[in-house]
Amino acid sequence: MSFRIEGKKIRDAEGPDVQAAWAIEDEARRKGERIEMAETNAHPIATDDVRAEIADGIGWITLNRPKQLNALNLPMIRAIRTALEAFEADEAVRLVVFEGAGERGFCAGGDIRALYAAREEPDRATARTFFAEEYAVDHYVLTYAKPVVAFLDGIVMGGGVGLSYGATVKIVTERTRWAMPEAGIGFFPDVGASYFLSRLPHHAGRYLALTGEAVGADVLLRLGLADCFLPSAAWPAVKAALREAGAAGADAPAILTALRERCRRSPGEAGAGPVGGAPAEGAGSGSQDVDGLFERTARYFAGESVPAIVDALEAGAEAGDAWARETLAVLRGRSPTSLLVIFETLRRGRTSTYKEALVRDLGVADAFLAHGDFYEGIRAQVVDKDRRPRWRPASLAEVTPEAVAAFFRDPPRPIPFVR
């Protein structure tokens, strides 16, 4: 199987010039030509980093950069979109499944090393193009004409959250570690996150966005950010059952029913661990941890500004709450500019549609590309790994309201939405 446009082959396992293939595809999109997947004898991949195949009525998309935790780059985003378009047009495909290669995670987000390497480009073209096309794919998944299943095993961060947010069924495991950690690299939770994080109960969205802390299956299921739990080791058998149902001619609802029958409503039912991921001593321990987390996020993150949240955490720390003290230390390590911009995105996200949030995110992302904290954060956390970013400004008090407003000032660039 390879990819074709109006009979012109543009994808092949042996294709020597991937950039030329992208150029052909881009030209086809501009002309409005239909992109289709054609059967050939080639191995069924779109690029080395994304495998796409049809088997037993199911379209399978596998992120295939396990050494990089399946981090997304621009060729991967384009390959995913091409596969989704082909699967949507193919009547034989009844639903689509996303998974990540390797045992460490579904997707660790965007390839920020690549964005850092391209920081000197004129107009930062690679990064600007990446964000626009990434957001278009995220919205495409949400509005897809067929059911989409996402198997979120291991690390799910940033762009991995965005890619899977719109899935019909999001499956989590005892190994799932979900996070929007962008404040730690001088960026913000993009991919439309202000839309869904701002709507979470217990002010949990503020906690997740501002701290960037990772949570597990229990938290995600309680917040509605995941749909069902499956032990990681059960996934191969579940995949086989899905293929069996598809091969027998089952329609999409029947295949989804077969999936849900093998999932659980909570980790406790399957004997998985609590929030931190350790093995549970009892079925209720994870639930108790979640209740404790939500009690604290509701108490400490209720303030209507970042300084108010910091004040509440300081008071809690002084009263002896270790969680408040640790969370305060996390916030003090984040980019002050990021924290204030993130809070404003969440405020605006409460009254936005998901699509409006994505459009706004593109303007904010462009502004961060011109702000030194983004590249400084990547340097400190990923490149030099000294874990000592030098934020500018260095404190919340030094970030003016005018500086925050500037992130929302530019008119939005177009995003190549499918619909």
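Residues numbered from 1 in each chain as written. Predicted model: local features only at pLDDT ≥ 70, side-chain atom pairs only at ≥ 80, totals over all residues. Heavy atoms only, no water.

What follows concerns helix H7 (residues 204-211). Of all eight residues making up H7, eight are buried, and the element is well covered by its neighbours. Burial in H7 covers these residues: Ala204, Gly205, Arg206, Tyr207, Leu208, Ala209, Leu210 and Thr211. Just beyond H7, the residue with positive phi is Gly212, at close to 75°. (Buried < 20%, exposed > 50% of the residue type's maximum accessible area, 1.4 Å probe, protein only. Helix = DSSP H or I, 4+ residues; strand = E, 2+ residues; numbered from the N terminus.)

A few words on the nonpolar core. Membership of the largest hydrophobic core comes to 102 residues, with the highest contact counts inside it found for Ile80, Leu84, Phe98, Phe131 and Trp178. With nine residues, helix H4 (residues 125-142) is the largest single contributor of residues to this core. Apart from the residues within four sequence positions on either side, Trp178 is in contact with Val156, Val161, Phe196, Leu197, Leu208, Glu213, Ala214, Val215, Leu220 and Leu225. Leu95, Leu230, Trp235 and Leu259 belong to the second largest nonpolar core, which has 20 residues in total. (Core = buried A, V, L, I, M, F, W, Y, C linked by side-chain atoms within 4.5 Å. Contact = heavy atoms within 4.5 Å.)

In terms of strand pairing, strand E5 (residues 50-55) meets strand E6 (residues 58-63) through six bridges, oriented antiparallel. Paired with Val50 across the bridge in E6 is Leu63. In sequence, E5 turns back onto E6 through a hairpin of two residues, with Asp56 there showing a positive phi of about 55°. (Pairing = 2+ DSSP bridges.)

Taken by themselves, the reported measurements are silent on function.
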